[in-house]
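Architecture and fold: a report
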Amino acid sequence: MTDENRRPLTSRNSAWAARLASWAVAKGFTPNQISQASMGFAALGFLLYWLSTTGGFLQFLALLLAAATLQARLVCNLIDGMVAIEGGKGAKDGPFWNEAPDRVSDLLFFAGAGLAVGRPDLGLLAAALAIATAYIRELGRAEGFPPDFSGPLAKPQRMAVLTAGTVLAALYATHWTLTVTLWIIVAGTAATVTRRSWTLIQRLKAR
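Cut-off values and rules
Residues numbered from 1 in each chain as written. Predicted model: local features only at pLDDT ≥ 70, side-chain atom pairs only at ≥ 80, totals over all residues. Heavy atoms only, no water. Helix = DSSP H or I, 4+ residues; strand = E, 2+ residues; numbered from the N terminus. Rg over C-alpha atoms; globule rule 2.2 N^0.38 Å. Buried < 20%, exposed > 50% of the residue type's maximum accessible area, 1.4 Å probe, protein only. Contact = heavy atoms within 4.5 Å. Expected span 1.5 Å × (residues − 1). Arc of directions from axis to C-beta. Phe/Tyr/Trp six-rings, centres within 6.5 Å; stacked < 30°, edge-to-face > 60°. Polar contact = N/O pair within 3.5 Å; in protein donor to acceptor, adjacent residues only side chain to side chain. Salt bridge = Lys/Arg side-chain N within 4 Å of Asp/Glu carboxyl O. Axes fitted to C-alpha atoms, helices over the stretch in contact; angles between N-to-C directions. Parallel < 35°, antiparallel > 145°, perpendicular 65-115°, else oblique. Nonpolar A, V, L, I, M, F, W, Y, C, P; charged D, E, K, R; others polar.

**Considering the overall build of the protein chain**
When helices and strands are tallied, the protein chain shows seven helices and zero strands. Put simply, the protein chain runs from its N terminus to its C terminus through helices and strands in the order α-α-α-α-α-α-α. What you see for the protein chain is a C-alpha radius of gyration of 17 Å, in line with the 17 Å of a compact globule of 207 residues. Summarising its shape, the C-alpha atoms of the protein chain cover approximately 50 × 45 × 25 Å along the three principal directions. For the protein chain, buried positions account for 45% of its 207 residues. Sequence separation of at least 24 residues holds for 82% of the intrachain contacts in the protein chain that already meet a minimum separation of 6.

Written out as structure tokens, the structure is:
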């Protein structure tokens with residue numbers, strides 16, 4: 001990963017992120033290990049969404065914990081790049097581990113949310129669209145263009161919507177709230193795929 005290919009994130013300049021990245025470097029964690037850990041949080045999130053189908057207090061607790069794993073995944077996504085670039089710990093195979101775990105995480109989180117509301121098809125549709133946004137971005141980069149991180153629902157926004165929807169679902173009308181959340185993500189991510197595709201086509205035509 002190079003600095004010009006990083007997603008612009010204001011949280012990267014925060015004091016807590018700098019401290020956490022410094023701690024990870026001091027403890028000897030590599031960027032690849034942190035990226036791999038994000039898949040672990042996604043797998044835990046999938047399990048928690050599945051457990052939420054039991055109802056009652058366990059549903060409430062499982063959904064709140066699932067929301068926490070979503071945020072933990074984002075922290076891993078933030079810190080791995082900081083350890084790689086600011087910490088000087090990047091590896092030759094870093095580009096693979098920077099991208100592949102994200103696609104696995106997208107699949108696990110959205111598939112889990114779909115299972116939680118009895119709509120695995122909806123969860124898989126959200127996952128497929130999320131993966132497509134990354135595909136279009138990387139296709140453009142392979143063609144020599146700057147990476148397109150445009151929205152309206154790029155990864156940080158998708159995760160924010162899913163986190164908020166999951167927390168709300170723990171508190172109120174679980175099935176309805178989480179279903180609406182997934183439909184919002186599907187619509188917003190489809191718009192993102194369309195926007196990035198149009199941008200790439202225009203860039204290719206103008207080249």
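Picking up after the structure, the text goes on.
**Digging into helix α1 (residues 15-26)**
A rise of 1.5 Å per residue sets the reference length of α1, with its 12 residues, at 16 Å; its end C-alpha atoms lie 16 Å apart and thus fit the reference within 8%. Within the sequence span of α1, burial applies to Ala17, Ala21 and Ala24. Around the axis of α1, the buried residues are gathered within 60 degrees of arc, so they sit on the same side. Away from its buried face, by an angle of more than 90 degrees, α1 presents the exposed residues Arg19 and Ala26. Packed against the buried residues of α1 are α2 (31-51) and α3 (56-85). Backbone geometry just after α1 places glycine 28 at a positive phi near 85 degrees.

**What about the packing of aromatic side chains?**
If you walk through the whole model with that rule in mind, you get three aromatic pairs. Between tryptophan 23 and phenylalanine 29 the ring centres are 5.6 Å apart and the planes differ by 35 degrees, which places this aromatic pair in the tilted class. Both rings, one in phenylalanine 96 and one in tryptophan 97, keep their centres 5.0 Å apart while their planes meet at 90 degrees; by these two values the pair is edge-to-face. Note on tryptophan 97: relative accessible area 23%, which makes it partly exposed.

**Focus on the side chain of serine 14**
If you trace the backbone, serine 14 turns up in the segment before α1. There is a polar contact of 3.0 Å between the side chain of serine 14 and the side chain of tryptophan 16.

**Some points on the pattern of salt bridges**
It is possible for side chains of opposite charge to pair when their charged atoms get near one another. Throughout the structure, instances matching the rule amount to 11 salt bridges. The salt bridge involving aspartate 106 is made with arginine 103; its shortest N-O contact spans 3.7 Å. Placement of both aspartate 106 and arginine 103 in helix α4 (residues 94-116) is noted, with a separation of three residues, approximately one turn of the helix. Each member of the pair, aspartate 106 together with arginine 103, is buried. As a salt-bridge pair, glutamate 143 and arginine 207 come within 3.0 Å of each other at their nearest N and O atoms.

**Looking at the packing of α3 against α4**
Between α3 and α4, the least distance of the axes is 12 Å, while the angle of their chain directions is 170 degrees. Judged on the interaxial angle alone, α4 and α3 are roughly antiparallel. Touching Thr69, Leu70, Arg73, Asn77 and Asp80 of α3 are Asn98, Asp102, Ser105, Asp106 and Phe109, all from α4. In terms of residue class, the contact of α3 with α4 is built from two nonpolar, four polar and four charged.

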